[in-house]
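Residues per chain are reported as follows:
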Amino acid sequence: MAKRVYEVWKGNNKFFLGGRLIFGPDARSLLITISLILVPVVIFCVFVARHLRHKFSAYNAGYAVLIVAIVFTLYVLVLLLITSAQDPGFVPRALHPPEEEFSYDPSVTGDIGGRRTPSLQFPRTKEVIVNGLPVRIKYCDTCMVYRPPRCSHCSVCNNCVERFDHHCPWVGQCIGQRNYRYFFMFVSSLALLCIYVFAMSALYIKFLMDGDYPTVWKAMKHSPPSVILMIYCFICLWFVGGLTCFHLYLIGTNQTTYENFRYRADNRPNVYDRGCLANFLEVFCTKIKPSRNKFRAHVQEESFTRPQAPPRLHHDPIEEDDLGGDRRAKVEDDDLEIGDDLLKISMRRDYEGFDEETQRGHSSNSLQTVVTLEEDTGLSTSVPQFPENGSDGQNMSRGRRGGSWEISPLEGGASMRNESHN
């Protein structure tokens, strides 16, 4: 049975409900965040809002204090779940480096994994035009793709994220193109909830002072939960309130947290800034792009396994020296893996050229074709010259149909000989 995409996902993410929910590797921190929101609200509802029900006699407006606290808290928790449980904009990985970007240079050879191969020049960066200005994009060795503009590789999730802002440990997920809007709404709504709980707790202290507890000290002593909530909300407001103001600045200038911290000292022009109003409309009013990853889709076996090396042209036993030592040794260095992929692509191109030359040799009995393999094998092979004699040509034709090609060593390298099997 074919596996699903989320079952063979190479990132560090955690999946739930059959791939419907995707979290970061630090998803447990989400439980701490929920506790830091729920516990103070429960204390507020039990020790503060319950006593304010009858303080507003007109239309029983005091019940609204309790209802607003409950509904607003549920709204904040939904925003938190949406932010942390969806794809923030992961870029799908490639199975091999992009072949169209190779620059093939047979005159220069290199030694990769103990074997010599023609040099394949592979650009590490490219330039694209964004709003009329050039922007340099980099190649990701892990995902084997050129990162789109504003994309960066998250070291926590081990994925490239489009419009990468940062990895937030409080929500246990990367913040990127597809969940930044909900992240800002969560942070700003949480700041408003802190202000609301702080204000209602202070109002309850005021009502106590107007009643049987005329001094602030007596009122605070009568309702310690109100004092604790006011201190807690004041401290939290410094964090979530400051974070809200900071992201308002980032949205107005069309920056990300990553860009602001990394390129602050470069004084480079911001090619993405289209004006304050247009920047806000881009974040809050544009349609969110669908995910580029179908986590529940089935994948074929060959789509998530490494491509196999092309077949060898001779039947000689493989020596351990050809493999650079122990054939079972695993090379874990990323550069060697990329070099191995480049070698396979180079060999495949050489074999395609060999097949074309052999077909042209079959069409003309008098054609002598010499095929020289690349220096990675160190073997020079040639196809024998077909005689012009008619009978001999017919024998050779029958030999090719009923025999098999073998390689026999000669003084200059090795030549191919056809032997018919009667």
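Residues numbered from 1 in each chain as written. Predicted model: local features only at pLDDT ≥ 70, side-chain atom pairs only at ≥ 80, totals over all residues. Heavy atoms only, no water.

Regarding the overall build of the protein chain
Piece 1. Of the regular secondary structure elements, the protein chain holds nine helices and 15 strands.
Piece 2. In the protein chain, which comprises 422 residues, the share counted as buried stands at 38%.
Piece 3. Nonlocal contacts in the protein chain, meaning residues at least 24 apart in sequence, comprise 61% of its contacts between residues at least 6 apart.
Piece 4. Just so you have it, the protein chain exposes about 24900 Å², and 58% of that area is on carbon and sulfur atoms. (Helix = DSSP H or I, 4+ residues; strand = E, 2+ residues; numbered from the N terminus. Buried < 20%, exposed > 50% of the residue type's maximum accessible area, 1.4 Å probe, protein only. Contact = heavy atoms within 4.5 Å. Areas by Shrake-Rupley, 256 points an atom, 1.4 Å probe, with all protein chains shown as cover.)

Considering the packing of helix H1 (residues 29-47) against helix H2 (residues 62-84)
Piece 1. Two elements in contact, H1 and H2, have axes separated by 10 Å at closest approach and are oriented at 175°. Viewed along their axes, H1 and H2 adopt a mutual orientation that is roughly antiparallel. When H1 is examined against H2, the residues Leu 30, Thr 33, Ile 34, Ile 37, Leu 38, Val 41, Phe 44 and Cys 45 are found in contact with a partner set consisting of Val 65, Leu 66, Ala 69, Ile 70, Thr 73, Val 76, Leu 77, Leu 80 and Ser 84. (Axes fitted to C-alpha atoms, helices over the stretch in contact; angles between N-to-C directions. Parallel < 35°, antiparallel > 145°, perpendicular 65-115°, else oblique.)

Structural notes on a nonpolar patch on the surface
Piece 1. There is a patch of nonpolar side chains on the surface, built from Phe 198, Ile 231, Phe 234, Ile 235, Trp 238 and Phe 239 and spanning about 700 Å² of accessible area.
Piece 2. Ranked by the residues each element gives to the nonpolar patch, the list is headed by helix H5 (residues 224-253), at five residues. (Patch = residues over 30% accessible without salt bridge, like charges linked within 9 Å, V, L, I, M, F, W, Y side chains within 5 Å. Salt bridge = Lys/Arg side-chain N within 4 Å of Asp/Glu carboxyl O.)

Quick word on the pairing of strand S5 (residues 125-130)
Piece 1. Pairing analysis gives six bridges linking S5 to strand S6 (residues 133-140), with the strands arranged antiparallel. Paired with Val 128 across the bridge in S6 is Val 135.
Piece 2. Where S5 folds back onto S6 in an antiparallel hairpin, the turn is made up of two residues, including Asn 131, whose phi is positive at roughly 55°. (Pairing = 2+ DSSP bridges.)

Considerations on the layout of surface pockets
Piece 1. Roughly 820 Å³ of internal volume is contained in the second largest pocket.
Piece 2. Taken together, 26 residues line the second largest pocket, and the ones lying closest to its centre are Val 135, Glu 259, Tyr 263, Arg 268 and Tyr 272.
Piece 3. At six residues, the largest contribution of residues to the lining of the second largest pocket is made by S6.
Piece 4. Residues belonging to the lining of the second largest pocket are distributed by class as follows: 13 nonpolar, five polar and eight charged. (1 Å grid on protein atoms, 1.4 Å probe; cavity = no way out; pocket = protein on both sides within 12 Å on 5 of 7 lines; lining within 4 Å. Points joined across faces, edges and corners; volume = space filled by probe spheres on them. Nonpolar A, V, L, I, M, F, W, Y, C, P; charged D, E, K, R; others polar.)

Comments concerning the packing of H5 against helix H7 (residues 276-284)
Piece 1. Two numbers describe how H5 lies on H7: the axes approach to 7 Å, and their chain directions differ by 110°. Considering their axes alone, H5 and H7 lie roughly perpendicular with respect to each other. For the pair H5 and H7, contact is made by Leu 248, Ile 251, Gly 252 and Thr 253 and by Cys 276, Asn 279, Phe 280, Val 283 and Phe 284, respectively.
Piece 2. A class-by-class count of the residues in the contact of H5 with H7 yields six nonpolar, three polar and no charged.

Section: H1
Piece 1. The end-to-end C-alpha distance of H1, which contains 19 residues, comes to 28 Å, matching closely the 27 Å that a straight helix rising 1.5 Å per residue would cover.
Piece 2. When we look at burial in H1, the residues that qualify are Ser 29, Leu 30, Thr 33, Ile 37, Pro 40, Val 41, Phe 44 and Cys 45.
Piece 3. Buried residues in H1 make contact with strand S2 (21-23), H2, helix H3 (180-210) and H5. (Expected span 1.5 Å × (residues − 1).)

A word on the confidence of the model for the protein chain
Piece 1. Summing up the model confidence of the protein chain, the mean pLDDT is 75 and the portion of residues at 70 or higher is 65%.
Piece 2. Ignoring residues within four places in sequence, the model shows residues 303-338, a span with pLDDT below 50, making 33 contacts including any to other chains. (pLDDT = per-residue confidence, 0-100.)

Topic: the packing of aromatic side chains
Piece 1. Evaluation of the coordinates by the stated rule reveals 14 aromatic pairs.
Piece 2. Measuring from ring centre to ring centre gives 5.5 Å for Phe 184 and Phe 284, while their planes differ by 65°; the resulting arrangement is edge-to-face. On the criterion of sequence distance, the pair formed by Phe 184 in helix H3 and Phe 284 in helix H7 is long-range, its members being 100 residues apart.
Piece 3. We classify Phe 284 as partly exposed; its relative accessible area is 27%. (Phe/Tyr/Trp six-rings, centres within 6.5 Å; stacked < 30°, edge-to-face > 60°.)

A short note on unusual backbone geometry
Piece 1. Residues other than glycine seldom take positive phi values, yet Leu 17 does so here, at roughly 55°.
Piece 2. Along the polypeptide, Leu 17 turns up in the loop between strand S1 (14-16) and S2.
Piece 3. One non-glycine residue with positive phi stands out, namely Asn 158, at about 60°.

Let's talk about the side chain of Ser 189
Piece 1. Its place among the elements puts Ser 189 in helix H3.
Piece 2. Using a relative accessible area of 7% as the deciding quantity, one classes Ser 189 as buried.
Piece 3. Sequence-distant contacts of Ser 189, that is, excluding residues within four places in its chain, are made with Phe 72, Tyr 75, Val 76 and Leu 79.

What about the nonpolar core?
Piece 1. Counting 42 residues, the largest nonpolar core has Phe 44 and Phe 186 as its most contacted members.
Piece 2. Mapped by element, the contributors of at least two residues to this core are H1, H2, H3 and H5.
Piece 3. Looking at this core, the element that brings in the most residues is H3, giving 15 residues.
Piece 4. Excluding residues within four positions of it along the chain, Phe 186 makes contact with Thr 33, Ile 37, Val 76, Leu 79, Leu 80, Thr 83 and Val 171.
Piece 5. Counting residues in each nonpolar core, the second largest holds 13 residues, with Val 5, Val 8, Phe 15 and Phe 295 among its members. (Core = buried A, V, L, I, M, F, W, Y, C linked by side-chain atoms within 4.5 Å.)

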